[in-house]
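Close look at the chain arrangement
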Amino acid sequence: MSSARYSDLVWHQFKKYTLAYRSLQMLVALLLLAVFAPLLASDKPLLWRVSNGPWESPWFWSLFDRNVYEGTLDIVFNVMLVLGVPSFFLFFVGAVREPPVRTLRVLLVLFGILLLFTLFHHPSHAKISYPDLEKIMIAEGQEVTSVYPLLPFGFQSVDLSNVRSPISWAHPLGTDNAGRDVCTRMIYGTRISMTVGLFSVALYMVIGTILGALAGYYGGRVDALILRLIEVMLSIPSLFLILAMAAFVEKRSIFHVMLIIAAVLWTTPARLVRGEFMRLRSMEFVVAAVASGFGKRHIMFREMLPNALGPVLVTATFGVASSILIESTVSFLGLGDITVPSWGQILNTGRSTGMWTLILAPGIAIFITVSLLNLVGEGLRDAMDPKLRQ
Amino acid sequence: MKLLEIHDLKTHFFTDAGILPSVDGISFEINQGEILGVVGESGCGKSVTAMSILRIIPEPPGRIVAGRILFDGHDLVSMPIEALRKIRGRDIAMIFQEPMTSLNPVYTVGEQLREVLSLHLGLDDDAARARIVEMFSLVGISEPAMRVDAYPHQMSGGMKQRVMIAMALCCSPRLLIADEPTTALDVTVQAQILNLLVKLRDERGLGVMLITHDLGVVAETCDRVVVMYAGRVVETACVQDLFAHPSHPYTVGLLQSLPDAAKPGSRLQTIPGNVPSPLNFPTGCRFRDRCSRASSACSLEPPLHVVGDGHEVRCHHPYQGGEHEHAIA
C-alpha cells in the first residue's frame, strides 16, 4: 500500500470485495446511461439535411431547449452530456489520468454558464416533430438525409397510430397505451431514479448530519429537543407521512418528491451522527483540540465530523436505494410527478393498463438498481470495518 | 515567580445520584521553571483539577462552583471564553494520558500541528513546517522531516506521545499540564519523556504540572509535590522534604506502599480500604476512616500545619520529626 490515508485504505479494501466493486462499476454504467440517454434515444435527428442545404443538428440544439426537455433535471443531465464527452476524450483518450484541478475548475464554471444559459433559453421553433416533417417533405418531393439515434423517439412523443404495440425491432420493449416507446422511457427513467437517489440523499444527509452533530455535541436540552423531533418523525409510519405530504402539494414536480423523501429520511443520519458525536465528544483528541484553543465550529466540523462520516457514508448508499424505492412507490400510487418518465410512473401505467412490459421492465430495473446499491453499501460497510481487514 | 495560583478551587459534578465534590477547595501554586508533582490515588481529583485550569471539564455535569485560578494575575475562571481560548494551547498547554487516542486519526500529525501553529502564531504553511520539524527533533523524533506527513496509526505509542508533547510545546507555552503523560508507555520511553520535561524546564523555564500516581517519577523529576486525597490537598512540600519527612498519614501510607520502602522479605504495606465515594465523603478529615492515627477530633475540619519551609500539612495528628520512621519500621 503506497498511501496511508484512511479513504485510500477503505478504497483499497473495497476493491477486494469483487461483488461490491462490480456493482459499483455497474452503477457507474447506469449513471453514464442516464447522462448519455439522448444519444441513445431522441426524436431529434443527430444530422439533418434538406436537399442540398447545409447540414444541421437539431438534436444538439434540442439538448438546451426548454420546450423539448421541460424538466430542469433533464437540462442538467444534457449539459453534463455536452461537457462530459469532451472531458472524457480529454482525460481518458488523451491519457491524462489525473485531471488537473484547474481544468476541472474551468469545466465546472463552463457547466454553470451553460446551465444558466439553457435554463433561461426558450427557442421558438422547437415543437417540430422531425419524423413527421421528414414524411411531409418526402411527400413534397424533397430529398431529406437524416441520421437518428438508435431509438428515434422522444420520451414524451405520443404516437396514437402505434398504441400498445408488441415487442419489435423498432420498439424493443413495445409501446404504451399512448404509443410512447417504453425503452426510451425506461432510459430516461434512469435519469429520474439517479437524481432522486443522489439529490434527496445529499439533501437529507446534510440536514441529518447538521442536526445530529448539534444534538451530539451540545447534549442536554438541544439534544432532547432534536431527539424528540426525531422520535415524532419516527412514530409516524413513513409511507403515510409521504403520502400525506404528497397530497398537500398541488402541482407536484419531481423535486417536490425529492424534498418529501428528504423530509422523511433525515432521521437516520441524524441519529447516527448524534451517536458518533457523543462517542467522539469524550475522545481525547477532541478534548485536546478544545485544550489547544480551537473554537466550536472547528471542533465540530474539522475534528469530529470527518471521524463520524464513515458510517454516514454507508447509510447514504442504502439511502439512495430506499429513495429510489420510495419515489417508485409514490409514483406507483399516483402521487408522483406525472410529467416525468420515472420507473414508478411506468409501473403505474402498467398497473392501470395491465400491460406486462410496463410492469416487468421497470420492476426489474428497480430491483437491479436497488440490489446493486445495497451490495455497494454492504461492501463499503465491510471495507470500513477494521475487524474484517486482514 | 508565581506562574499559576489556584485559590480554594471547587469543581463539582451534578449527577442524578447527587453532587460529586471531585475537587473541593484546593489551593496551590506553580512557579516558573518548576515541575510540580500532583500525586494521589485514582479518583482523588487530580485530573479534574488539571481540566479545571483550562476549563475543559465536561459541562454539564461538571461545573467550577468556586475559587480562582490566577494565571499572570488574570482569573481563568471568570475570564470570557474567547479570551481563554487565546490562552489555551498558547500559554497553557496540556498533554493527555492516552497517546493512542490523543491525535485525530484522519489527519497527518504535521497537519494537526500546523493548525495549532496557524491558530495561535498565524504561521503560513512553510514557516509552520519548518517549526514542526524543529519541534519534532527537539522532542526526539527520528527523521522529523519524514514524520511530518505520517498518520497517527503509523506511529508507535511513544512516538505519538512525543508528537503530543511537540504539539503542546510548539507555541512555546509557559505552563505545561501533563496528565499522567507516561502511564501508557513502557519504562524506557517513560524515562526519555521525563528527561525531556526536565530539559525543557531547565532550558526554557517551563512550568510543569505533572500529574502522576507514580512516586518514583515524582522523586526523579519534580521540584515540589502536592499530595491530593478525596478532592483536597493534604500535603504540600518540596520533593526532598516529602520523601524525608512525610507528615500526613496518607503520604506516609503512600510511601509505605512503595516496593522499595519495604524491607526485603517483609510484606508490602498497603493503606486499608478504598478512597471513599465522592457521594458520601466523611465529615472533617476525609482520610479518617482509613487512618491509623484517627481520633474523635478528626471529624472536625483538620487544621493547616506549617511543618517546615514551604511544607504544609492538613491534619489533626501529623507525623513530626522522624516519627514516621517508626511507622515504617
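Residues numbered from 1 in each chain as written. Chains lettered and ligands numbered in written order. Predicted model: local features only at pLDDT ≥ 70, side-chain atom pairs only at ≥ 80, totals over all residues. Heavy atoms only, no water.

A few words now on the overall build of chain B. What chain B contains, in helices and strands, is eleven helices and twelve strands. In terms of C-alpha radius of gyration, chain B reaches 21 Å, essentially the compact-globule figure of 20 Å for 329 residues. Scored against the burial criterion, the 329 residues of chain B give a buried share of 51%. Summarising the internal contacts of chain B: among those between residues at least 6 apart in sequence, 65% fall at separations of at least 24. Summed over its atoms, the accessible surface of chain B is roughly 13900 Å², and 51% of this surface lies on carbon and sulfur atoms. Between the averaged position of the 29 positive side-chain charges in chain B and that of its 38 negative side-chain charges there is a distance of 3 Å. (Helix = DSSP H or I, 4+ residues; strand = E, 2+ residues; numbered from the N terminus. Rg over C-alpha atoms; globule rule 2.2 N^0.38 Å. Buried < 20%, exposed > 50% of the residue type's maximum accessible area, 1.4 Å probe, protein only. Contact = heavy atoms within 4.5 Å. Areas by Shrake-Rupley, 256 points an atom, 1.4 Å probe, with all protein chains shown as cover. Lys, Arg positive; Asp, Glu negative; His and termini not counted. Charge placed at Lys NZ, Arg CZ, Asp CG, Glu CD.)

We now examine a nonpolar patch on the surface. A contiguous nonpolar patch, built from I167(A), W356(A), L360(A), I364(A), F367(A) and I368(A) and spanning about 660 Å² of accessible area, is present on the exposed surface. Tracing the chain through its elements places I368(A) in helix α16 (residues 356–384). (Patch = residues over 30% accessible without salt bridge, like charges linked within 9 Å, V, L, I, M, F, W, Y side chains within 5 Å. Salt bridge = Lys/Arg side-chain N within 4 Å of Asp/Glu carboxyl O.)

With that settled, consider the packing of aromatic side chains. Overall, the coordinates contain 14 aromatic pairs over all chains when judged by the stated rule. Residues Y69(A) and Y188(A) carry aromatic rings whose centres are separated by 6.4 Å and whose planes lie at 35° to one another, so their mutual orientation is tilted. One end of the pair, Y69(A), is in the loop between α4 (58–62) and α5 (72–93); the other, Y188(A), is in helix α8 (residues 182–218), and 119 residues separate them in sequence. Like Y69(A), the residue Y188(A) is buried in the burial classification. Judged by centre distance (5.2 Å) and plane angle (70°), the rings of Y250(B) and F287(B) are edge-to-face. With Y250(B) in helix α10 (residues 249–256) and F287(B) in the loop between α10 and β11 (304–308), this pair connects stretches of sequence that are 37 residues apart. There is no split in this pair, since Y250(B) and F287(B) are both buried. Grouping aromatic residues by their ring pairs yields a cluster made of W11(A), F14(A) and Y21(A). Stacked on the ring of Y217(A), the Lys or Arg R281(A) has its end atom at 4.4 Å from the ring centre. (Phe/Tyr/Trp six-rings, centres within 6.5 Å; stacked < 30°, edge-to-face > 60°. Lys NZ or Arg CZ within 6 Å of the ring centre and 35° of its normal.)

Take unusual backbone geometry next. All names here are of chain B. A positive phi angle, near 55°, is found at R55, a position not held by glycine. Along the chain, the position of R55 falls in the loop between α1 (46–53) and β4 (62–71). With a phi close to 45°, E180 is a non-glycine residue in the positive phi region. Position of E180 among the secondary structure elements: in the loop between β7 (175–179) and α7 (187–204).

Attention now goes to the side chain of R274(A). By the secondary structure assignment, R274(A) is in helix α12 (residues 267–281). With residues near it in sequence (within four places) discarded, R274(A) still touches G212(A), A215(A), G216(A), D223(A) and L227(A).

Residue and element names in this part refer to chain B. Spatial strand order, β6-β7-β8-β3-β9-β10-β12-β11: eight strands in an open sheet with mixed pairing. Two strands bound the open sheet, and with one partner strand each, they are β6 (92–95) and β11. If you compare each strand with its neighbour and ignore which way they point, the axes differ by 20° on average. Two strands pair when backbone bridges link them, and strand β3 (residues 35–39) and strand β8 (residues 207–212) are joined in this way by five bridges, in the parallel orientation. Considered in β8, the bridge of V39 is made with T212. (Pairing = 2+ DSSP bridges. Axes fitted to C-alpha atoms, helices over the stretch in contact; angles between N-to-C directions.)

This part is about the packing of α12(A) against helix α14 (residues 296–332) of chain A. All names here are of chain A. It is the contact of α12 with α14, at a shortest axis distance of 9 Å, that shows an interaxial angle of 135°. Taken as axis vectors, α12 and α14 run oblique relative to one another. In the packing of α12 onto α14, the handedness of the crossing is right-handed. On the side of α12, the interface is formed by T268, L272, V273, E276, F277, R279, L280 and R281, while α14 contributes M300, M304, L305, N307, A308, P311, V312 and T315. The class makeup of the residues in the contact of α12 with α14 is ten nonpolar, three polar and three charged. (Parallel < 35°, antiparallel > 145°, perpendicular 65-115°, else oblique. Left-handed = near helix turned anticlockwise from the far one by under 90°. Nonpolar A, V, L, I, M, F, W, Y, C, P; charged D, E, K, R; others polar.)

Interface size, as often reported, equals the accessible area lost upon joining of the parts. Counting residues at the interface gives 18 residues for chain A, matched by 27 residues for chain B. In total, chain A and chain B occlude about 2000 Å² of area from one another, counting both sides; carbon and sulfur atoms represent 59% of this. The three residues of chain A that bury the most area against chain B are E284(A), A291(A) and R302(A), which together make up 27% of that side's buried surface. Inspection of the region where chain A meets chain B yields two salt bridges. The partner of E115(B) in a salt bridge is R302(A), and the shortest N-O contact between them spans 2.4 Å. On the surface where chain A and chain B come into contact, there are twelve residue pairs in polar contact (both at pLDDT 80 or more). Only α13 (284–291) and α14 of chain A provide two or more residues apiece to the side of chain A that touches chain B. (Buried area = accessible area lost by both parts, 1.4 Å probe. Polar contact = N/O pair within 3.5 Å; in protein donor to acceptor, adjacent residues only side chain to side chain.)

All right, on to the sheet that holds β4(B) then. All names here are of chain B. Reading across the sheet, the four strands line up as β2-β1-β4-β5 and stay open at both edges, with antiparallel pairing between neighbours. Only two strands of the sheet have a single neighbouring strand rather than two, namely β2 (18–31) and β5 (74–75). Across the sheet, α1 touches β1 (2–15), β2 and β4, and the angle it forms with β1 is around 110°.

A few words now on the pattern of salt bridges. Summed over the entire model, instances satisfying the criterion amount to 21 salt bridges over all chains. Between E111(B) and R302(A) there is a salt bridge, and its shortest N-O distance comes to 3.3 Å. A residue pair is termed interchain when its members come from two chains, as with E111(B) in helix α3 (residues 109–120) and R302(A) in helix α14. Here R302(A) falls in the partly exposed class, since its relative accessible area comes to 30%. The closest approach of N and O atoms between R286(B) and D24(B), which form a salt bridge, is 2.4 Å.

Residues and elements named next belong to chain B. Here the domain parsing of chain B yields domain 1 (32–46 + 82–91 + 174–328) and domain 2 (98–172). Taken together, the contact between domain 1 and domain 2 spans 18 residues of the former and 15 residues of the latter. A buried area of about 1400 Å², summed over both sides, lies between domain 1 and domain 2, and 62% of it is on carbon and sulfur atoms. Where domain 1 meets domain 2, there are zero salt bridges. Examining the composition of the side of domain 1 that touches domain 2, we find that seven residues originate from one element, α7, more than from any other. Taken together, the residues of the side of domain 1 that touches domain 2 break down into nine nonpolar, two polar and seven charged. (Domains from an automatic or database assignment.)

Here we take up α14(A). An α-helical turn contains 3.6 residues, so any two residues separated by three or four positions project in the same direction. Its 37 residues give α14(A) an end-to-end C-alpha distance of only 46 Å, which falls more than 12% under 54 Å, the value for a rise of 1.5 Å per residue. Just past α14(A), the residue G334(A) takes up positive phi, approximately 80°. (Expected span 1.5 Å × (residues − 1).)

Turning next to α13(A). Most of α13(A) sits out of view: eight of its eight residues are buried. Those residues of α13(A) that are buried lie in contact with α12 and α14 of chain A together with β6 and α6 (157–169) of chain B. Count one or two residues on from α13(A) and you reach G293(A), which has phi positive near 95°.

Residues and elements named next belong to chain B. Note that T251 resides in helix α10. The exposure class assigned to T251 is buried, which follows from its relative accessible area of 2%. The residues touching T251, leaving out its near neighbours within four places in the chain, are V227, E235, L242 and P246.

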